[in-house]
Amino acid sequence: MYHKKNSLGVKIAVINSGSSSLKFKLFDMKTKEVLKSILIEHIGEENSSIKNHHQALESLNIDFSELDAIGHRVVHGGENFNKPTILDEDSIDKIQKLIPLAPLHNPANLEGILVAKKYAPDILQIAVFDTSFHSNMPKEAFLYPLEYKMYEKHKIRRYGFHGTSHSFVAKQSARILGKDLSELNLITLHLGNGASACAIEKGVSVDTSMGFTPLEGLVMGTRSGDIDPAIIFYMQRELGLGVDEVDTMLNKKSGLLGICGKNDVRELIESEDELSKLALKIMIRRVKKYIGSYMALLGDVDAIVFTGGIGENSQYIRDKILDSKFFNEIEVIVVETDEELEIADECLKVLDI
Ligand code: ADP
């Protein structure tokens, strides 16, 4: 059991470590006030004065000794982690073993963890996983219809991502509606450059659009979302593309960017170009289809919740998505997401305060 150091308040820092960036936020958890918020970019890039994550952490100029805990964002928790977890040798080893499932994200998250452990060895450090919120999905939601050994032996299944965001906005929505989350059915839509939808039944994620990786589901800024998997064989056999080329194409050169050459939705909305208009229509249609299918799954839906850069800011896109008689009676809520605050809140569970 851990007890807070400072009787006047609990201070939790959150680190979101990417391959070339480090986002740092320091919260006073009594007031939920942000005491410090720093974003360091271009780590390790040519001409950057910050050569590595260690230097990045040093440059923050934080007195780590006054912290009660440091929460780390970890993208993939596989099937091992369904709750915030203290970072010790064993859990770090397990996160390392998950790298093949998230080769783009987990190594960068781990880098931040290892550096912070070295820098602040006496401070409790906790991992909060993007996948955890989806860990109670029923098997019929998470299992792909492949040979069963692909799941049993190779752990190929739907994991879902953006969990901290879906969880945060669901709780906020319950507050807005004046009800307990356990009484509500919600469809949450995190629409940013990365995008996902989530069906939440009585507070539990029962289905979500991202799958084995964040590539599945909605049409995103640079990711295709759902496509016929046979397209990949065709690209390899007939177009002679290599595995990595197809991977890069689907993750970094597809989606809105692939169709019209732009992925800033503000620009697409302003654009007169036919392909930009088409790209938005394809994106909007996909979201609409997901909402419809989640309404069928959930039966009763208390609210559709929009968040993420597009979901929070674009009335135009929200109106286009909801432009259907089908959605006439449904409550619509717009909530600003705060993944760092959710991570800090999750850390409180471990601190038991
Ligand atoms: P990320 O997934 O990188 O965190 P964000 O949640 O910041 O992404 O969302 C980025 C997207 O939000 C971009 O496509 C941007 O164009 C879009 N966006 C931000 N503000 C607006 C706005 N006012 N209208 C439409 N789109 C917006």
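Keep in mind that what you see is a predicted model, and the values were worked out from it rather than measured.

Criteria and cut-off values
- Residues numbered from 1 in each chain as written.
- Predicted model: local features only at pLDDT ≥ 70, side-chain atom pairs only at ≥ 80, totals over all residues.
- Heavy atoms only, no water.
- Pairing = 2+ DSSP bridges.
- Helix = DSSP H or I, 4+ residues; strand = E, 2+ residues; numbered from the N terminus.
- 1 Å grid on protein atoms, 1.4 Å probe; cavity = no way out; pocket = protein on both sides within 12 Å on 5 of 7 lines; lining within 4 Å.
- Points joined across faces, edges and corners; volume = space filled by probe spheres on them.
- Axes fitted to C-alpha atoms, helices over the stretch in contact; angles between N-to-C directions.
- Parallel < 35°, antiparallel > 145°, perpendicular 65-115°, else oblique.
- Contact = heavy atoms within 4.5 Å.
- Nonpolar A, V, L, I, M, F, W, Y, C, P; charged D, E, K, R; others polar.
- Buried < 20%, exposed > 50% of the residue type's maximum accessible area, 1.4 Å probe, protein only.
- Core = buried A, V, L, I, M, F, W, Y, C linked by side-chain atoms within 4.5 Å.
- Near = heavy atom within 4 Å.
- Polar contact = N/O pair within 3.5 Å; in protein donor to acceptor, adjacent residues only side chain to side chain.
- Areas by Shrake-Rupley, 256 points an atom, 1.4 Å probe, with all protein chains shown as cover.
- Expected span 1.5 Å × (residues − 1).
- Lys, Arg positive; Asp, Glu negative; His and termini not counted.
- Salt bridge = Lys/Arg side-chain N within 4 Å of Asp/Glu carboxyl O.
- Left-handed = near helix turned anticlockwise from the far one by under 90°.

Draft legend 1. Examining the sheet that holds strand 5 (residues 85–86) more closely. Across the sheet, six strands lie side by side as 3-2-1-4-6-5; this open sheet has mixed pairing. The sheet terminates laterally at strand 3 (33–40) and strand 5, the two strands that pair on one side only.

Draft legend 2. Inspection of empty space enclosed by the protein at higher detail. Applying the stated criterion to the full structure yields one cavity of 30 Å³ or more. Lining the largest cavity are Leu 191, Gly 192, Asn 193, Ala 195, Val 219, Met 220, Gly 221, Leu 256, Asn 263, Val 265, Met 283 and Ile 310.

Draft legend 3. Highlighting the packing of helix 6 (residues 163–177) against helix 14 (residues 339–351). Remark: helix 6 packs on helix 14, axes separated minimally by 9 Å, with the N-to-C direction vectors making an angle of 85 degrees. Our classification of the angle between helix 6 and helix 14 gives roughly perpendicular. Residues Thr 164, Ser 165, Ser 167, Phe 168 and Lys 171 of helix 6 form the contact with helix 14, whose own contacting residues are Glu 339, Leu 341, Glu 342 and Ile 343. Taken together, the residues of the contact of helix 6 with helix 14 sort by class into three nonpolar, three polar and three charged.

Draft legend 4. Structural detail: the pairing of strand 7 (residues 185–191). Burial within strand 7 is extensive, with seven of its seven residues counted as buried. Going residue by residue along strand 7, you find Asn 185, Ile 187, Leu 189 and Leu 191 tucked away on one face and Leu 186, Thr 188 and His 190 tucked away on the opposite face as well. Pairing between strand 7 and strand 8 (residues 195–201): seven bridges, direction antiparallel. In the strand pairing of strand 8, Leu 186 is matched with Ile 200. Here strand 7 hands over to strand 8 after three residues, the two strands then running antiparallel side by side. For strand 7 and strand 10 (residues 303–307), the ladder comprises five bridges, and the chain directions are parallel. Counted as the bridge partner of Leu 189 is Phe 306 from strand 10.

Draft legend 5. Examining the nonpolar core more closely. Among the nonpolar cores identified, the biggest contains 48 residues, and Ile 95, Leu 189, Leu 191, Ile 291 and Ile 321 are the most heavily contacted of them. The biggest single contributor to this core is helix 11 (residues 274–298), with 10 residues. Setting aside anything within four residues of it in sequence, one finds Ile 95 in contact with Val 74, Phe 81, Leu 87, Asn 106, Leu 110, Ile 113, Ala 127 and Phe 129. Core analysis: the second largest hydrophobic core is formed by 30 residues, Ala 69, Leu 124, Cys 198 and Leu 341 among them.

Draft legend 6. Structural view of the site of the ligand. Gly 192, Asn 193, Gly 194, Asn 263, Asp 264, Val 265, Arg 266, Gly 308, Gly 309, Ile 310, Asn 313 and Ser 314 make up every residue found near the ligand. Within the side chain of Asn 313, a nitrogen or oxygen atom sits 3.4 Å from a nitrogen atom of the ligand. With the chains in place, 65% of the 580 Å² that the ligand exposes on its own is no longer accessible. Sorting the residues of the shell around the ligand by element identifies helix 10 (265–270) and helix 12 (308–313) as the ones contributing at least two each. The biggest single contributor to the shell around the ligand is helix 12, with four residues. Of the residues contributing to the shell around the ligand, the split by class is two nonpolar, eight polar and two charged.

Draft legend 7. Representation of helix 11 within the structure. In this model, helix 11 (25 residues) spans 36 Å end to end at C-alpha, consistent with the 36 Å of a helix rising 1.5 Å per residue. Of the residues trailing helix 11, Gly 299 is marked for its positive phi of about 80 degrees.

Draft legend 8. Structural context of the side chain of Arg 286. Summarising the element assignment, Arg 286 is placed in helix 11. We note that Arg 286 is buried and unpaired, the nearest opposite charge coming from Asp 226 at a distance of 4.4 Å. At 2.8 Å, the side chain of Arg 286 and the backbone oxygen of Gly 217 are in polar contact. The contacts of Arg 286, once residues within four sequence positions are left out, are Gly 217, Leu 218, Val 219, Ser 224, Gly 225 and Asp 226.

Draft legend 9. Local environment of the packing of helix 7 (residues 230–237) against helix 8 (residues 243–252). Running from amino to carboxyl end, helix 7 crosses helix 8 at an angle of 130 degrees, the nearest separation of the two axes being 10 Å. Of the possible angle classes, the one that applies to helix 7 and helix 8 is oblique. Note that helix 7 runs across helix 8; the crossing there is right-handed. Along the contact surface, helix 7 presents Ile 232, Met 235 and Gln 236, while helix 8 presents Val 243, Val 246, Met 249 and Leu 250.

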